[in-house]
Amino acid sequence: QSKNILGYFVNVERIPNSCSEPPNRIFLKDRKILLNLSMAYYKVNISAYNEAGESPQAIYLVPEFFPTDLPGQIHVRGQGSNAVVTWTPEYNPKCFVVDWGTGKEHMHMKIVTTATGNFTLENFQPYKLYKIMIHASDVCQCESFIRHEKTFGVTHFYSVEGVPRRGPTNVTILNITKHSALVKWNEIATEDCLGFLQGYRISYTDLSRKKTLAVTLNSSTTSYHLTGLKEKTIYRVQISGFTSAGEGPLTFSQPFSTPKYGIVEPQCICIAQHES
């Protein structure tokens, strides 16, 4: 029925949106629209119409993006289940629009119209990663935020950090030689960190001598080259992640053996992560 289409209706919906009035509809003849949006979450509803009526809506969720040139820096300080938010540099638009929550489906919105250097957000739960966004606007009418707000800064926050509840997954041991081996793993998922992941600890044990060595790595590292190993020796490798609250559980491992001569053919020893 595309030849009978007269035009399109477009609704741009902010998530969350504490405004009582629904957003104004945009009427289009063309099949494209340029939207200048802040970094808040948005949903775009599009429908077509002709003389017989209006079609069902197509729903598009605007994906997240991560610019590095935002003008402001947000600072968050926990106070129990609350958080005190401040920002630099000093900036005084007519109002701020604040979004905070654990994800697109669990966001809150607050409008700050007073000229203050800080404000308090409430009801934070421990061990959950929150995203806090501050948007500035010189037009403080609720229905105008979509068109006029600009993102001032974005940060992430835990009210209480915990230790990771599990170690990294898919640990593999490759390229085993007489004196070395390559260890690789997948990073710990954000929902399993329970805090800001600061790094990993690899411990590898010479099972013949019961001697264990440990190496600490930063959180962006997902591989490590073990060196100084003994030939014809069985080793066990385990990895854990840690936050400011402490170290999480070690991965369960399978042993690997270094050869007496030459290089072992490339192999992969998978280490399963025990589910608690």
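Residues numbered from 1 in each chain as written. Predicted model: local features only at pLDDT ≥ 70, side-chain atom pairs only at ≥ 80, totals over all residues. Heavy atoms only, no water.

As recorded by an unreviewed UniProt entry, the protein carries the name SDK2 protein and is attributed to Sclerurus mexicanus. Checking UniProt for the protein, the heading Sequence similarities (unreviewed entry) contains the comment "Belongs to the type I cytokine receptor family. Type 2 subfamily." Turning to the protein, the UniProt record has this under Subcellular location (unreviewed entry): "Cell membrane". (UniProt positions renumbered as here; feature names shortened; annotations may be inferred.)

Colleague: Tell me about the UniProt feature "domain: Fibronectin type-III" (unreviewed entry) in the protein, and please be specific about residues and values.
Modeller: Per the UniProt record, the feature "domain: Fibronectin type-III" (unreviewed entry) sits at residues 167–261. Split by type, residues 167–261 is 4% helix and 51% strand. Its first and last C-alpha atoms lie 33 Å apart. (Helix = DSSP H or I, 4+ residues; strand = E, 2+ residues; numbered from the N terminus.)

Colleague: Mind laying out the sheet that holds strand β7 (residues 82–88), listing which residues take part and the relevant values?
Modeller: The strands making up a sheet associate through backbone hydrogen bonding, with each pair oriented either parallel or antiparallel. In spatial order, the strands read β6-β7-β10; together these three strands make up an open sheet with antiparallel pairing. The sheet is open, and its two edges are formed by β6 (73–79) and β10 (118–121), each paired on a single side. When strand polarity is set aside, the average angle formed by the axes of neighbouring strands in this sheet is 25°. Both β6 and β7 contribute to a ladder of seven bridges, which runs antiparallel. Note that in β7 the partner of Arg 77 across the bridge is Val 84. (Pairing = 2+ DSSP bridges. Axes fitted to C-alpha atoms, helices over the stretch in contact; angles between N-to-C directions.)

Colleague: So, the pattern of salt bridges: which residues are in play, and what are the values?
Modeller: Close approach of charged atoms allows side chains with opposite charge to pair. As enumerated under the stated definition, the model contains ten salt bridges in all. One salt bridge in this structure joins Arg 14 and Asp 99, with 2.8 Å as the shortest N-O distance. Separated by 85 residues along the polypeptide, Arg 14 in strand β1 (residues 7–15) and Asp 99 in strand β8 (residues 95–101) bring together distant segments of the chain. Judged by relative accessible area, which is 2%, Arg 14 ranks as buried. Members of the salt-bridge network, linked through shared partners, are Arg 14, Asp 99 and Glu 149. (Salt bridge = Lys/Arg side-chain N within 4 Å of Asp/Glu carboxyl O. Buried < 20%, exposed > 50% of the residue type's maximum accessible area, 1.4 Å probe, protein only.)

Colleague: Describe empty space enclosed by the protein, and please don't skip the residues or the numbers.
Modeller: For the coordinates displayed, the defined rule picks out one cavity of 30 Å³ or more. Roughly 70 Å³ of internal volume is contained in the largest cavity. If you go around the largest cavity, the residues you meet are Met 39, Ala 40, Tyr 41, Val 62, Pro 63, Glu 64, Phe 65 and Lys 131. Tallied by class, the residues present in the lining of the largest cavity amount to six nonpolar, no polar and two charged. (1 Å grid on protein atoms, 1.4 Å probe; cavity = no way out; pocket = protein on both sides within 12 Å on 5 of 7 lines; lining within 4 Å. Points joined across faces, edges and corners; volume = space filled by probe spheres on them. Nonpolar A, V, L, I, M, F, W, Y, C, P; charged D, E, K, R; others polar.)

Colleague: Let's hear about the sheet that holds β8: which residues, and what values?
Modeller: One open sheet holds the four strands; their spatial order is β9-β8-β11-β12, and the pairing between them is antiparallel. Looking at strand neighbours, the two that pair on one side only are β9 (107–112) and β12 (150–157), the edges of this open sheet. When strand polarity is set aside, the average angle formed by the axes of neighbouring strands in this sheet is 15°. For β8 and β9, the ladder comprises six bridges, and the chain directions are antiparallel.

Colleague: I'd like a description of the pairing of β7, backed by residues and values.
Modeller: Hairpin geometry of β6 and β7 is characterised by an intervening segment of two residues between the two adjacent antiparallel strands and by a positive phi of about 65° at Gly 80. Of the pairings in the sheet, the one linking β7 to β10 comprises four bridges and is antiparallel in character. Within β10, the position partnered with Thr 86 by the bridge is Asn 118.

Colleague: Before we move on, can you summarise the pairing of strand β16 (residues 211–218) with the specific residues and values?
Modeller: The side chains of a regular strand alternate, first on one face of the sheet and then on the other. As judged from the eight bridges shared by strand β15 (residues 199–206) and β16, these two strands associate in the antiparallel manner. Considered in β16, the bridge of Thr 205 is made with Thr 212. Counting the residues in the hairpin turn of β15 and β16 gives four residues, including Lys 210, whose phi is positive at 55°.

Colleague: Quick rundown of the nonpolar core? Include the residues and the values.
Modeller: Within the largest apolar cluster, 20 residues are counted, with the highest numbers of intra-cluster contacts made by Trp 185, Val 237, Ile 239 and Phe 256. The set of elements that each furnish at least two residues to this core consists of β13 (169–174), β14 (180–186), β15, β16 and β18 (234–243). When residues no more than four places from it in sequence are discounted, the contact partners of Ile 239 are Gly 167, Pro 168, Val 171, Val 183, Trp 185, Tyr 200, Arg 201, Ile 202, Pro 249, Leu 250 and Thr 251. (Core = buried A, V, L, I, M, F, W, Y, C linked by side-chain atoms within 4.5 Å. Contact = heavy atoms within 4.5 Å.)

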